[in-house]
Amino acid sequence: MHCAHRAPWRVRIAVFAAIVFLVPSFALLHAQGILPTLSGTVVDAHGAAIPHAAVTVRNEATGARFQGESGSTGQFTLSGMAPGKYTVIVAARGFAPTTQKDVTVSDGPSQITVTLNVDSVSENVEVRAIAGNSIAGQHALSQDSLDTEVPKSEIGSEFIQNFAPPTTDYAELVNIAPGTISYNSNGVGLGQGTIYFRGFIDGDFDLTWDGIPEGDTNNFTHHSWVWFPGPWIGSVEFDRSPGTASTIGPATYGGAINLFSQDVPSEQSIEPEVTYGSFGTLLVDGHYSTGMLGAKKNFGLILDVHRLSTNGFETLNDMQRNAGDIKLLYRLSDRTTITGFSGVVHTFGNAPNNSPYRAQIDTYGWNYMMENNDPTSAFYQAYNLNTIPTDFEYVGVHSTLNHGWLLDAKPYTYSYNNAQYYPNDSPNDTTGLATGADGSSGYITLANCGAVSEGGGVNVAPTAEAEATAPPGTYANLPCAIDKLNSYRKYGETSTASQSSKYGVFRTGIWYEWSTSDRYQIPSDPLTHFDQPVPKFHENYWIDNYNPFAEYEWHATQKLSITAGFKYAYYTFALKQYADDGGVVGALGGAPYTTSERGFGASLPSVSANYRLLNNWSVYGDYGRGDEIPPSSLFDVAGGGAEVGAIGSPMITNTVQGGTVAKFNRFTLDGDVFRIKFQNNYISYTTANPNNPAYNLNEYYLGPDSTTLGFEAEANASLGRGLNLYANGTVDKAVYVGSGVPSGLNVADTPSYTQDLAMTYQAHGTDLGIIEKRVGSYYDDNGSFHNQAYIAPYNNVDLFLNYTIRKSSMFDDSKIQFGINNLFNSENFTDVFPYNSPTPVGSSTFYATTPISPLDQINLTAGRSFTVSFKLGIFPGRRE
């Protein structure tokens, strides 16, 4: 089935031809501009390598500047420099900055060694390339780089380790970025997190791990509770743009959350950690690093294993997670480094498929989710089960070739297997209550759930043995529960070749990925787990993704760089859908299955520029075109179904934005303005009414075009003696536009404003932070009708206090950490999924009203929680 793709082979040939002929031609074009390289190693006073050191090189004659960063073995390479005399400035966390003048760069490779000494005054400061020499930049919770050409937020290890709970996940970490809101109704890192920014919902943006895109295959969403847990994350780069042509992935539509694993350090360490928290939360984590081994100190690894268990903020919403990752680094030569990564997560839980009802929250309390007293209720905990194993593996090769060429290649694979079982509510429930008359109580019985004959006879309430041994077709129409699977495996590779010359940097490459998926929902009897013979739906599908690209970063002057490029995104779907009970494709006239194929393509140009007004102040501008593959559910019936009609092109955004970044000694500021045009946007809607035939299925509507206009900024002020004030804010307006679309309808889940305010103190081993998040009002939709549920403004305050040993001793990095999330126990709605159908105003297809119902599903903020953590740092090599 999935091998019969004629169009993809044409794309493969075209991509191969482009790489074979385009790359050599550029090499010839710039042969006369090939320039030497400067390589070096950053070490401490004992000769141990220092990773993640910021390296700045300045031509003493022309003032031209080049920046880089040392890798895990302390080595760095900078290219594109003319022969001459240079000043080299190197800085790293815990060390005093060092300057070497009159470093000679000749026609061939040049090599230096830079030694850094411990700085007792600023040993707690992480100096990163993006911060430069700015003290305020070194302490900023989030910031952009002076060299950026698009709006980004760099969130480093200082924030992750000191101003987030150890249970954190990436959804919580990006909440500090401008314009972003995220929440987790069960507690930080204790369930699925939700992320919105600039009018984009989860699935409208890429998530990458060490440069590799990750996402579901049906609608390209992400799952923070089963992928890349907090103990794995070294840093985060949040790109709020479609990026340049070299930005890859299935959903550059909105931007990318780029997660990076921790570096392999040069020194051996053992770091056990235990965290206790509210809701019966316990996290036990062990982190080990070998340091760099071998006679050449060219091999090392880091290993992390942890177990997380919690009862959750919401009643009986338990979760257990066992996870481990290992990262290996092998320096094959001075020019080639090989990296290997493998991570495995096994998550077990009792999360239901639906959010709590409005009536349940009003009656049973803010934290209600399930109960364990009435086994006839659909909200009985034991009927809800989740088992979700995931794994992620890659091998990366980074090689410096002759004539200024660099090669990066990463073949990878990963898988997701969500096996879920959950009950449905009674279709006669009118109160929304878990128990009592006209509620869910008394629904889960063999009479209701076990035996409606295929011919429409009466319930006969068979035993489990009778169900299991009955002839096929005897028991159909099991309404009380769903046995669900969403499973996929992906294989792919990212490859980039780049060449530096005195004119700039040329990049070309390709991202290719193939995936196979198996999804089904089968009606089931929750008392016996007997599944109906015919599914509600069952499908297998295969997807090919191709992103060939080429771009050139032209260094027009010492201060101006311009990057222009082109990417072609091509995708193919091949689906096999099995006969079902009418939930999706129906009986198919007796055929066992039906098949279909479809290919999509989109041309994605980009152009951006950065101009350095001063050494510490730059401005930039960007135009980018992003895309997203239509969700697989659009193929459920011929033509896309009644909601969508004909399936069109991929979802497209056109983004124009400009901004500035300034880094003064005691103050940093970056801000941007943006305009985003959304086109061909398929809007997802979850049906909340169990009487609707689409209950438990995602419905999609082809929404009208929309435009988002906004301004966002962030700043940090260093007041001295370790005290800093950080703030960011966003104001935007996202409305639907186009022929026949009335003005004033707001795009769902787009707050009118967001703000972050923080005060931090970092000195003498102490880290204290108070962080407030403010979110303006926004709306939720009801199917194809917009602005049907109003979400009021809300805020949240977190507090963190830590003490860490930073004395370069054997027990360095030992830590006591205390945190409070939602300090003032604020109770806020974050999303509403209406139960009632909208009532159109007159004959309008846009304006409607939706009455509030006790059966509305509600997402909300988790209540106040505490965590206390104890970590022991052991560095055996530092024995006195």
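Anything mentioned here points back to the structure above.
Scoring rules and cut-offs
Residues numbered from 1 in each chain as written. Predicted model: local features only at pLDDT ≥ 70, side-chain atom pairs only at ≥ 80, totals over all residues. Heavy atoms only, no water. Salt bridge = Lys/Arg side-chain N within 4 Å of Asp/Glu carboxyl O. Helix = DSSP H or I, 4+ residues; strand = E, 2+ residues; numbered from the N terminus. Buried < 20%, exposed > 50% of the residue type's maximum accessible area, 1.4 Å probe, protein only. Disulfide = S-S within 2.5 Å. Pairing = 2+ DSSP bridges. Phe/Tyr/Trp six-rings, centres within 6.5 Å; stacked < 30°, edge-to-face > 60°. Core = buried A, V, L, I, M, F, W, Y, C linked by side-chain atoms within 4.5 Å. Contact = heavy atoms within 4.5 Å. Axes fitted to C-alpha atoms, helices over the stretch in contact; angles between N-to-C directions.

Engineer: Tell me about the pattern of salt bridges, residues and numbers included.
Structural biologist: For the structure shown, the criterion picks out 19 salt bridges. Between Arg806 and Asp767 there is a salt bridge; the shortest N-O distance is 3.1 Å. With Arg806 in the loop between strand E42 (794–804) and strand E43 (815–821) and Asp767 in strand E39 (residues 766–775), this pair connects stretches of sequence that are 39 residues apart. For the pair Arg806 and Asp767, one class covers both residues: buried.

Engineer: A description of the state of the cysteines should follow, citing residues and the corresponding values.
Structural biologist: Taken as a whole and judged by the stated rule, the model has one disulfide. With its sulfur 2.0 Å from that of its partner, Cys449 forms a disulfide with Cys480. Here the disulfide of Cys449 and Cys480 is left-handed, its torsion about the S-S bond being about -85°. Separated by 31 residues along the polypeptide, Cys449 in helix H6 (residues 446–449) and Cys480 in the loop between strand E24 (475–476) and strand E25 (481–501) bring together distant segments of the chain. Of the two residues, Cys449 and Cys480, neither departs from the other in class, the shared state being buried.

Engineer: Account for the sheet that holds strand E10 (residues 194–197), with residues named and values stated.
Structural biologist: Strand order in the open sheet made by the three strands is E9-E10-E11, with antiparallel pairing throughout. Where the open sheet ends on each side, the last strands, each with one partner, are strand E9 (180–183) and strand E11 (200–201). Sheet topology places E9 next to E10; four bridges connect them, and they run antiparallel. By the bridge assignment, Thr180 is partnered in E10 with Phe197.

Engineer: Just give me the short version of the pairing of strand E15 (residues 256–261), but keep the residues and values in it.
Structural biologist: Counting buried residues along E15, five of its six residues qualify, which places the element largely inside the surrounding structure. By the bridge criterion, six bridges tie strand E14 (residues 233–239) to E15 in an arrangement that is antiparallel. Within E15, the residue paired with Glu237 across the bridge is Asn258.

Engineer: Quick one: what's the story with the packing of aromatic side chains, residue by residue and with numbers?
Structural biologist: A full pass over the atoms with the stated rule returns 33 aromatic pairs. Ring centres 6.0 Å apart and planes at 70° place the aromatic pair Tyr578 and Tyr593 in the edge-to-face group. Remark: Tyr593 occurs in strand E30 (residues 593–614) and Tyr578 occurs in strand E29 (residues 560–578); sequence separation between them is 15 residues. In this structure Tyr578 comes out as partly exposed when scored by relative accessible area, which is 22%. The class of Tyr593 is partly exposed, set by a relative accessible area of 39%.

Engineer: Hey, could you go over unusual backbone geometry for me, with residue numbers and the actual values?
Structural biologist: The backbone of Phe220 sits at a positive phi, close to 60°, despite the residue not being glycine. Mapped onto the fold, Phe220 is located in the loop between strand E13 (212–214) and E14. Look at Asn787: it is not a glycine, yet its phi comes out positive at around 60°. Relative to the assigned elements, Asn787 resides in strand E41 (residues 785–791).

Engineer: Which residues make up the nonpolar core, and what values go with them?
Structural biologist: Within the largest apolar cluster, 72 residues are counted, with the highest numbers of intra-cluster contacts made by Trp209, Val236, Ile257 and Phe392. Apart from the residues lying within four places of it in its own chain, the contact partners of Phe392 are Trp209, Ile212, Glu214, Trp227, Phe228, Phe341, Ser342, Gly343, Thr413 and Tyr414. One finds Ile50, Val55, Val90 and Val114 within the second-largest nonpolar core, a separate group that totals 20 residues.

Engineer: So what about the sheet that holds strand E12 (residues 206–209)? Which residues, and what values?
Structural biologist: Here we have five strands laid out as an open sheet, ordered E8-E14-E15-E12-E13, and mixed in their pairing. Two strands close off the open sheet at either side, each with one partner strand: strand E8 (152–155) and E13. When the angles between neighbouring strand axes are averaged without regard to direction, this sheet yields 25°.

Engineer: Tell me about the environment of Lys410, and name the residues and values.
Structural biologist: The residue Lys410 is located in strand E22 (residues 405–423) in this model. It is 9.9 Å that separates the C-alpha atoms of Lys410 and Glu393, two residues lying 17 residues apart in sequence. Non-local contacts of Lys410, meaning those with residues more than four positions away in its chain, are made with Asp210, Ile212, Tyr394, Val395, Gly396, Gly492, Glu493 and Thr494.

Taken by themselves, the reported measurements are silent on function.
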